Amino acid sequence: MDIRQLRYLIALVQEAHFSRAAARCNVSQPALSAQIKRLEEDLGVPLIKRGNSYGGLTPEGERVIAWARRIVGDADGLLDAAALLRGELSGALTIGVVPSALAVVPLLTQPLLVRHPELRFRIVSASSKGIQRGLDDLSFDAGITYLDNEPLKAVDTLGLYHEEFSLLVPEEQSDRFDDTIAWSALDEVSLCLLSPEMQNRRIIDRVFAEVGITPEPLIESNSVATLYGHVRTAKLCTIVARNHFTSFGVAPGVALKRLDPPHIRQQIGLVRHETQVHAPRVAALWDIAQERDVAALVTESAQ
């Protein structure tokens, strides 16, 4: 058994497809299949349900994959630690981020790149549940997600800022709306919203229920950019987090209106799996987040 075989097994489980897993590992499909078969022989148990295609893990495989993730995570941490002893920190850091927090990511990645210029980042837009899954299977090194409402499991958390909601409207319709709009008035507004699998949408739906309305959005999408496009071109309205404008400001053609009451503030934070506490790349990200007053930077940039 060698660690390469464990990496192949992890890739296969994450991709659920032999060809995609092989491409991800930069090997041929027969080579990947042969190494996983050899791992099964070395361990003396079947790991994969085989058929015409990947059929998932056997019960034995479910036990082995947990060990594989731990071993590979420790090995990667060892490589990072050795690099840090040489005075450098390199490699890729994969961060899962809920769509409403994507604009805030540069507040952390930019200073981290200044401190460790050999680092590289992969930023993945994901639902809060997708981030939990990514942390569990170690496909994400860290996440930026909601800390309230839906419990997170086996993670360390670090609060960054509180998200507040606004109504984004077409600029030419701005005069139709007061500067502050009641949530209950949105029953009369043509909306486009994030899709129901996103926690942002579930939070919004709970507020709608609290004020006694059930709007039916004309457009649903898991892409914030798609919603912005429909505000500008289809003349719909959407509900956004004010921190969306941290990096870019309010774009031409749209206007922001405050939503109140009720006044909703949701905490957004950095998360890491409890096994990643000592991983140098993750620890470096954590240090930057603790040093930076992200809440103040978000407030300042969004004004």
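These numbers come from a predicted model, not from an experiment. (Residues numbered from 1 in each chain as written. Predicted model: local features only at pLDDT ≥ 70, side-chain atom pairs only at ≥ 80, totals over all residues. Heavy atoms only, no water.)

A word on a nonpolar patch on the surface
Quick note on the threshold: Like charges are joined within 9 Å and nonpolar side chains (Val, Leu, Ile, Met, Phe, Trp, Tyr) within 5 Å, but only among residues with over 30% relative accessible area and no salt bridge; these make up the patches. Accessibility throughout is a Shrake-Rupley quantity obtained with a 1.4 Å probe, and a residue counts as covered only by protein chains that appear here. For salt bridges, the criterion is a side-chain nitrogen of Lys or Arg within 4 Å of an Asp or Glu carboxyl oxygen. Put simply, DSSP H or I for four residues or longer makes a helix, DSSP E for two residues or longer makes a strand, and each gets a number counted from the N terminus.
Nonpolar side chains collect at one region of the surface, where I3, W67 and I71 lie side by side and expose about 280 Å² of accessible area between them. Tracing the sequence through the fold places I71 in helix α4 (residues 59–85).

What to know about the packing of helix α5 (residues 106–115) against helix α9 (residues 280–291)
Selection criterion: Geometry is summarised by axes, namely lines fitted to C-alpha atoms with helices restricted to the contacting stretch, and by angles between N-to-C directions that run from 0 to 180 degrees. Here the angle decides the label: under 35 degrees means roughly parallel, over 145 means roughly antiparallel, 65 to 115 means roughly perpendicular, and every other value means oblique. By definition, any crossing whose near helix is turned counterclockwise from its far helix by less than a right angle is left-handed, and any crossing with a clockwise turn is right-handed. The contact rule is simple, with two residues in contact once any of their heavy atoms fall within 4.5 Å. In the scheme used here, Gly and all other residues not listed as nonpolar or charged are polar, with Ala, Val, Leu, Ile, Met, Phe, Trp, Tyr, Cys and Pro taken as nonpolar and Asp, Glu, Lys and Arg as charged.
Interaxial distance between α5 and α9 falls to 10 Å at its minimum, and their mutual angle equals 120°. On the basis of the axis angle, α5 is oblique to α9. As α5 packs across α9, the resulting crossing turns out to be right-handed. Taking contact as the criterion, the partners of L108, P111, L112 and R115 in α5 are, on α9, A284, L285, I288, A289 and E291. For the contact of α5 with α9, the residue count by class is seven nonpolar, no polar and two charged.

A few points about the environment of I71
Selection criterion: Buried means the residue's accessible area, taken with a 1.4 Å probe over protein chains only, is under 20% of the maximum for its type, while exposed means over 50%, and partly exposed covers the values in between.
Look at I71 and you get partly exposed, because its relative accessible area is 35%. What I71 contacts, discounting residues up to four positions off in sequence, is I3 and L6.

Quick word on the confidence of the model for the protein chain
Let me state the cut-off plainly: What pLDDT reports is the predictor's confidence in each residue, on a scale of 0 through 100.
For the protein chain, the average pLDDT comes to 90, and 98% of its residues sit at 70 or higher. Element-level mean pLDDT values for the protein chain span from 81 in helix α10 (residues 294–302) up to 96 in strand β5 (residues 142–146).

Remarks on the pairing of strand β3 (residues 91–97)
Our working rule: The criterion for strand pairing is that DSSP finds at least two bridges linking the strands in question. Place the viewer so that the strands point away; then a crossover is right-handed whenever the path from the first strand over the helix to the second strand goes clockwise.
Burial runs high along β3: five of the seven residues are buried. Of the pairings in the sheet, the one linking β3 to strand β4 (residues 119–125) comprises seven bridges and is parallel in character. The residue bridging I95 from the neighbouring strand is I123, located in β4. The β-α-β motif built from β3, the intervening α5 and the parallel element β4 has right-handed crossover chirality. One ladder, built from three bridges, connects β3 with β5; its direction is parallel. Paired with I95 across the bridge in β5 is A142.

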